[in-house]
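Report on the structure
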Amino acid sequence: MRRVYLDHNATTPLDPRVFEAMAPVLRDTFGNASSLHWFGQQARAALDQARADVAALLSATSAEIVFTAGGTEADNLALRGLAGAAREPRRKVLYSAAEHHAVMHTARALAEEGWPVEAVRVGEDGGLDLEDLRGKLDDHTAVVAVMLANNETGRIQPVAEVVRLARERGALVHCDAVQAAGKMPVDVRALDVDTLAISAHKMYGPKGVGALYVKRNTRMRTWVRGGSQERNRRAGTENVAGIVGLGRAAALSRAGLAEDGARVGALRDALEERLAREAGARRNGEDPRVPNTANLSFEGVDAESLLMALDLAGVAVSTGAACAAGAVEPSHVLRAMGLRPERVQGSLRFSLGRFTTADDVDHAAGLVVQAIERQRAAAPVRR
Ligand SMILES: Cc1ncc(COP(=O)(O)O)c(C=O)c1O
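Below, the structure is looked at part by part. Just so you know, these numbers come straight off a predicted model, no measurement behind them.

As a further point, take the site of the ligand. The immediate surroundings of the ligand are formed by 13 residues, with Thr72, Asp176, Gln179, Ser199 and Lys202 found nearest. Within the contact set of the ligand, an oxygen atom lies 2.8 Å away from a side-chain nitrogen or oxygen of Gln179. Ser199 is positioned with one of its side-chain polar atoms (N or O) 2.6 Å from an oxygen atom of the ligand. No other element matches helix 3 (residues 71-85), which puts three residues into the shell around the ligand. Partitioned by chemical class, the residues of the shell around the ligand number two nonpolar, eight polar and three charged.

Further remarks concern the pattern of salt bridges. For the coordinates displayed, the defined rule picks out 34 salt bridges. When the shortest N-O distance is used, the salt bridge between Arg51 and Glu230 registers 2.8 Å. Of the two residues, Arg51 sits in helix 2 (residues 38-58) while Glu230 sits in the loop between strand 8 (210-214) and helix 8 (240-279), which places them 179 residues apart along the sequence. Just as Arg51 is buried, Glu230 falls in that class too. We note a salt bridge from Asp138 to Lys92, for which the minimum N-O separation is 3.0 Å.

Turning next to the packing of aromatic side chains. Any aromatic ring pair is given by two values, namely how distant the centres are and how the planes are angled relative to each other. The tally for this structure, following the rule as stated, stands at three aromatic pairs. Relative to Phe39, the ring of Phe30 has its centre 5.4 Å away and its plane inclined at 40°; by these criteria the two rings are tilted. On the basis of relative accessibility, which here comes to 62%, the residue Phe30 falls in the exposed class. Between Trp38 and Phe39, the ring centres sit 5.2 Å apart and the planes meet at 85°, which makes this aromatic pair edge-to-face. An aromatic cluster is built from Phe30, Trp38 and Phe39, whose rings are joined through pairwise contacts. Residue placement shows Arg80 over the ring face of Trp223; its charged tip is 5.1 Å from the ring centre.

Criteria and cut-off values
- Residues numbered from 1 in each chain as written.
- Predicted model: local features only at pLDDT ≥ 70, side-chain atom pairs only at ≥ 80, totals over all residues.
- Heavy atoms only, no water.
- Near = heavy atom within 4 Å.
- Polar contact = N/O pair within 3.5 Å; in protein donor to acceptor, adjacent residues only side chain to side chain.
- Helix = DSSP H or I, 4+ residues; strand = E, 2+ residues; numbered from the N terminus.
- Nonpolar A, V, L, I, M, F, W, Y, C, P; charged D, E, K, R; others polar.
- Salt bridge = Lys/Arg side-chain N within 4 Å of Asp/Glu carboxyl O.
- Buried < 20%, exposed > 50% of the residue type's maximum accessible area, 1.4 Å probe, protein only.
- Phe/Tyr/Trp six-rings, centres within 6.5 Å; stacked < 30°, edge-to-face > 60°.
- Lys NZ or Arg CZ within 6 Å of the ring centre and 35° of its normal.

In structure tokens form, the structure reads like this:
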């Protein structure tokens, strides 16, 4: 059966060029990067190159890059690290209501531990409500967490404005750029954030490896304790092959950014237009968005059943829903945007990628339209 993968925001396939970079490291470069002998120094050199490539993608310096075991760990380290190092009376943590669970659940855990924590609203267009942020920021705010691009809608948040408002109150800013890196330019100097998280497996690298940018001279509490790796920011023997994969993925993303973005954006727009025309799709989340993401609602359709039907037809997409403890939770992002429950329940996320072709999109769109027609015909009452 022909299969079309349109779920790149969940994870991306490993780019063969990333695999080519990782394979010899897995096979041969087994030294511990902390060892002084030749074997260790081979691993150290591989880490140095990867660090330089990640730094270049973000317009940072190598010394500002901390390798982690993925985006979630980078978000945890940033939030806990910045809040934990803030000087009294700065304790408040603010996060946007559309954050990924990696940030949201870390913030909620901090709340359970006694930190004052508040969510900042997002509007119906998916954008952060800057007025709400302004009202919640005060001289006790330690950290504001805001993502650069949303994983469900693709919406790009006004991070530079958030930073400006936070600075007026002396607060630090953490930015989750996991869904932005590789899809749009990410320049930590222009954004002026204090920390910024990325993850390799969202940009054609391996799973379980990511990085946290930490601006020079930032006070950050260490959470994973042990050896003095990563300049004492994150202990543990480095995942050399994974980090080399991240570095190669970063270099490839940087080189192909403009071209990939334009090509994928045109495919995404064509998909949205066709599904609006032929299946009455309504878009969730307005521009500015990253070019690969389309979050669409279909009236009278249950997205969960549609996803299953499409999977049987060979098309992989996603609903914003997360399955927790056996119960399907409707997307907190779409709910935070104030969408009606029926619209949330009828929403699907299509996320295209580097290897998606026009023919893939055409084929998938035809199957989506068919599946929707079938569902609507089977349950006309729900329309
Ligand atoms: C916005 C965002 N932040 C963080 C993460 C977590 O990254 P990782 O899967 O590398 O732990 C994800 C992954 O879905 C994400 O989309």
